[in-house]
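The primary structure of each chain is shown beneath.
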Amino acid sequence: PGFSRDDLVVSSANREAVALIDRWPDWPASMVVIAGPPGSGKSHLASIWAQKAEAVQVDPATPGAITAAAQTGRNLLFDGIGDTKIDEDALFHAINASRSAGRHLLVTSRKWPSQWHLQLADLLSRIKSAPMVEIAEPDDELLAGVLVKLFSDRQIDVDPLVVRFLVSRIERSLATAQDAVARIDHAALETGSRIT
């Protein structure tokens, strides 16, 4: 799969999040949060930013990873917070370290921070004060663009009629689009036929 800026499909559903990534380093705060449903492009945006900002990507569920990353003095990326238990003290100190070093921290999540079940009041306060951007469920434009990209990632050139047919019939989620493309590709390979 392509994760460059050129591979990114932009529509009204993700325009605000894309603008935030494009605007770096002129961010409104040292830390920002991007939330959105599975498959909405959070990791794609995070990858673009991490390369541009030369950020250290941290797996927040790995013991000691947050503390070790905070000590690097570099920009930090926490992709996927809220799905597993994290070291809240370490995250709080990483946020403070980034701020004091004049560095940036990008957090992505499937859930809004209010659903992370944080216990540390100071951390909750820091997170709530960070600018947050939501990636919405895909509109037709985004869904069509993502379908074309998913087929392209598999080196499959499909007719625009196929894309329109899928957009009008699949569930409005990018995770469903990924599943549909995988299943269509598998069926085409199995039968040795073109995708029509």
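You'll find the structure just up there.
Since this is a predicted model, take the numbers as computed values, not measurements. (Residues numbered from 1 in each chain as written. Predicted model: local features only at pLDDT ≥ 70, side-chain atom pairs only at ≥ 80, totals over all residues. Heavy atoms only, no water.)

> An account of the overall build of the chain is needed here, citing residue identities and associated values.
Helices and strands together make up the secondary structure of the chain, namely eight helices and five strands. Helices and strands appear in the chain in the N-to-C order α-β-α-β-α-β-α-β-α-β-α-α-α. The C-alpha extent of the chain, read off along each of the three principal axes, is 55 × 30 × 25 Å. Sorting the 196 residues of the chain into buried and exposed places 44% on the buried side. A separation of at least 24 residues holds for 71% of the contacts in the chain among residues at least 6 apart in sequence. Put simply, the chain shows about 10400 Å² of open surface, and 50% of that area lies on carbon and sulfur atoms. (Helix = DSSP H or I, 4+ residues; strand = E, 2+ residues; numbered from the N terminus. Buried < 20%, exposed > 50% of the residue type's maximum accessible area, 1.4 Å probe, protein only. Contact = heavy atoms within 4.5 Å. Areas by Shrake-Rupley, 256 points an atom, 1.4 Å probe, with all protein chains shown as cover.)

> Help me get a handle on the environment of Arg99, residues and values and all.
With respect to the helices and strands, the residue Arg99 is situated in helix H4 (residues 88–100). Along the backbone, Arg99 and Pro28 are 71 residues apart, and their C-alpha atoms lie at a distance of 12 Å. Each residue touching Arg99, except ones within four places of it in the same chain, is listed here: Ser30 and Arg126.

> Which residues make up the pattern of salt bridges, and what values do they have?
Going through the model one piece at a time under the given rule, you end up with four salt bridges. Among the ionic pairs, Arg172 bridges to Asp140, the shortest N-O distance being 2.5 Å. In this pair, Arg172 is assigned in the loop between helix H7 (160–167) and helix H8 (174–191) and Asp140 in helix H6 (residues 140–153), connecting sequence segments 32 residues apart. Looking at Arg172, the relative accessible area reads 34%, which means it is partly exposed. (Salt bridge = Lys/Arg side-chain N within 4 Å of Asp/Glu carboxyl O.)

> Summarise the packing of H6 against H7; cite the residues concerned and give the values.
Put simply, H6 and H7 touch, their axes get as near as 10 Å, and they point 125° apart. On the basis of their axis angle, the class for H6 and H7 is oblique. H6 and H7 meet at a crossing whose hand is right-handed. Residues Asp140, Leu143, Ala144, Leu147, Val148 and Phe151 of H6 lie in contact with H7, whose contacting residues are Val163, Leu166 and Val167. Residue composition of the contact of H6 with H7, by class: eight nonpolar, no polar and one charged. (Axes fitted to C-alpha atoms, helices over the stretch in contact; angles between N-to-C directions. Parallel < 35°, antiparallel > 145°, perpendicular 65-115°, else oblique. Left-handed = near helix turned anticlockwise from the far one by under 90°. Nonpolar A, V, L, I, M, F, W, Y, C, P; charged D, E, K, R; others polar.)

> Just give me the short version of the environment of Lys149, but keep the residues and values in it.
Structurally, Lys149 can be placed in helix H6. Taking relative accessible area as the criterion, Lys149 reaches 16% and is therefore assigned buried.

> Now, about the pairing of strand E4 (residues 105–109): what can you tell me, with residues and values included?
Taken across its five residues, E4 has five buried, putting it largely inside the fold. Residue alternation in E4 divides its side chains into two sets, Leu105, Val107 and Ser109 and Leu106 and Thr108, and both sets are buried. When strand E1 (residues 31–35) meets E4, the two strands line up parallel, connected through five bridges. Across the sheet, the residue bridging to Ala35 is Ser109, located in E4. Where strand E3 (residues 76–79) lies against E4, four bridges are found, and the strand directions are parallel. Counterpart to Asp79 in the pairing with E4 is Thr108. (Pairing = 2+ DSSP bridges.)

> Which residues make up the packing of aromatic side chains, and what values go with them?
On inspection of all chains with the given rule, the structure shows two aromatic pairs. Here Trp24 and Trp49 contribute two aromatic rings whose centre-to-centre distance is 6.2 Å and whose plane-to-plane angle is 90°, an arrangement assigned as edge-to-face. Note that Trp24 is positioned in the loop between helix H1 (15–23) and E1 and Trp49 in helix H2 (residues 42–53), a separation of 25 residues in sequence. Of the two residues, Trp24 and Trp49, both sit in the buried class. Between Trp27 and Trp49 the ring centres are 5.3 Å apart and the planes differ by 15°, which places this aromatic pair in the stacked class. Linking Trp27 in the loop between H1 and E1 with Trp49 in helix H2, this pair joins segments that are 22 residues apart in sequence. The same class applies to Trp27 and to Trp49, which are both buried. Grouping aromatic residues by their ring pairs yields a cluster made of Trp24, Trp27 and Trp49. (Phe/Tyr/Trp six-rings, centres within 6.5 Å; stacked < 30°, edge-to-face > 60°.)

The analysis is restricted to geometry; functional conclusions fall outside its scope.
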